[in-house]
Amino acid sequence: MAFKSCSSFSLVFLAIIFLATPAASTVDLCADADYKDLCRAALRGITNPATGTQVAIKALISETQRSIVKAKRFADIKKDKIAKVCMESYEDAIYNLKASLNNVRDNDKGSLNSNLSAAYTDFLSCDDAYSERGRASPYGRISTHLQRLASNCLAVSTVLRRFQSFNVWQCPYKHNHTITKQMQTDSGYFYNRRKQILKEASRHMFL
């Protein structure tokens, strides 16, 4: 009896959650971005949070790699120690961004935020290295552009984290019966699961 009660409560609870959660197809991934035009140009209409986060990150990796090539034209890396710091910072950013792609695939939202934040800080480090020595950074425009793209990545990843499910809910009664599995963000999945859960919730409410 206790188990049936737990199941009924959890199904009703999940029905409310699913109804309150917008389908992925209706989400504007760039709504919270500080640089919306850049964000939308990178995503090109993508609405799936996981896909959008990956695309934004990959775009930033590519832009960072191109920026390294451009930056090397502005200074002699062997002679200018600060320029070397910038190149190392950009390379560190690429490392952190690639790690963040793995975090998306592994559904590791904590590490995703940490790695994206680290990449953003890497882009700041270049300008900071010059300003600390009283010099204007020759890479100012490059770093600013990369910082904006990194900021957008963080904004899009925030949407992904909102769509990722809470921990698998478990019944507090004997056997800790698992009620749900990891929620997915595909809009078709959401539509079918809403229908299924509402049907199950209605049936258990009247048992």
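Everything discussed here concerns the structure shown above.
Observations concerning the environment of R40
For step 1, the next point in the chain: Assignment of secondary structure puts R40 in helix α2 (residues 36-43).
For step 2, the next point in the chain: Of the residues examined, R40 reaches a relative accessible area of 39% and is grouped as partly exposed.
For step 3, the next point in the chain: Taking C-alpha positions, R40 is 9.6 Å from A56, a pair spaced 16 residues apart along the chain.
For step 4, the next point in the chain: What R40 contacts, discounting residues up to four positions off in sequence, is D28 and C30.

Here we look at the state of the cysteines
For step 1, the next point in the chain: Using the criterion set out here, one finds 2 disulfides in the structure.
For step 2, the next point in the chain: Between the sulfur of C30 and that of C39 lies a disulfide, 2.0 Å long from S to S. Residues C30 and C39 are joined by a disulfide whose S-S torsion is about -80 degrees; by sign, that bridge is left-handed.
For step 3, the next point in the chain: Note on C30: relative accessible area 2%, which makes it buried.
For step 4, the next point in the chain: Residue C153 stays outside any disulfide, its sulfur separated by 8.4 Å from that of C39, the closest cysteine.
For step 5, the next point in the chain: On the accessibility criterion, C153 (2% relative accessible area) is buried.

A few points about unusual backbone geometry
For step 1, the next point in the chain: Of note, R44 is a non-glycine position whose phi angle comes to about 50 degrees, a positive value.
For step 2, the next point in the chain: Considering the arrangement of structural elements, one finds R44 in the loop between α2 and α3 (49-71).
For step 3, the next point in the chain: The class of R44 is exposed, set by a relative accessible area of 75%.

What about the packing of helix α4 (residues 81-106) against helix α5 (residues 109-131)?
For step 1, the next point in the chain: Orientation of α4 relative to α5, taken along the N-to-C sense of each, is 170 degrees, at an axis distance of 8 Å. By the angle class used here, α4 and α5 are roughly antiparallel.

Description of the nonpolar core
The tendency in soluble globular proteins is for nonpolar side chains to be buried as a group.
For step 1, the next point in the chain: Counting residues in each nonpolar core, the largest one holds 41 residues, and the members touching the most others are I57, L60, Y90, L97, F123 and Y139.
For step 2, the next point in the chain: Mapped by element, the contributors of at least two residues to this core are α2, α3, α4, α5 and α6 (140-163).
For step 3, the next point in the chain: Looking at this core, the element that brings in the most residues is α6, giving 11 residues.

A few points about the packing of aromatic side chains
For step 1, the next point in the chain: This structure, assessed with the given rule, holds 2 aromatic pairs.
For step 2, the next point in the chain: On the basis of an interplanar angle of 55 degrees and a centroid distance of 6.1 Å, the ring pair of Y90 and F123 is categorised as tilted. Of the two residues, Y90 sits in helix α4 while F123 sits in helix α5, which places them 33 residues apart along the sequence.
For step 3, the next point in the chain: With a relative accessible area of 0%, Y90 lands in the buried category.

Regarding the packing of α5 against α6
For step 1, the next point in the chain: Relative to each other, α5 and α6 sit at 170 degrees, their axes nearing to 9 Å. Here α6 runs roughly antiparallel to α5, going by the angle between their axes. Crossing of α5 over α6 shows left-handed handedness. Residues K109, L112, N113, L116, S117, Y120, F123, L124, C126 and D127 of α5 form the contact with α6, whose participating residues are G140, S143, L146, Q147, A150, S151, C153, L154, S157, L160 and R161.
For step 2, the next point in the chain: Within the contact of α5 with α6, the residues separate by chemical class into 11 nonpolar, 7 polar and 3 charged.

Criteria and thresholds
Residues numbered from 1 in each chain as written. Predicted model: local features only at pLDDT ≥ 70, side-chain atom pairs only at ≥ 80, totals over all residues. Heavy atoms only, no water. Helix = DSSP H or I, 4+ residues; strand = E, 2+ residues; numbered from the N terminus. Buried < 20%, exposed > 50% of the residue type's maximum accessible area, 1.4 Å probe, protein only. Contact = heavy atoms within 4.5 Å. Disulfide = S-S within 2.5 Å. Axes fitted to C-alpha atoms, helices over the stretch in contact; angles between N-to-C directions. Parallel < 35°, antiparallel > 145°, perpendicular 65-115°, else oblique. Core = buried A, V, L, I, M, F, W, Y, C linked by side-chain atoms within 4.5 Å. Phe/Tyr/Trp six-rings, centres within 6.5 Å; stacked < 30°, edge-to-face > 60°. Left-handed = near helix turned anticlockwise from the far one by under 90°. Nonpolar A, V, L, I, M, F, W, Y, C, P; charged D, E, K, R; others polar.

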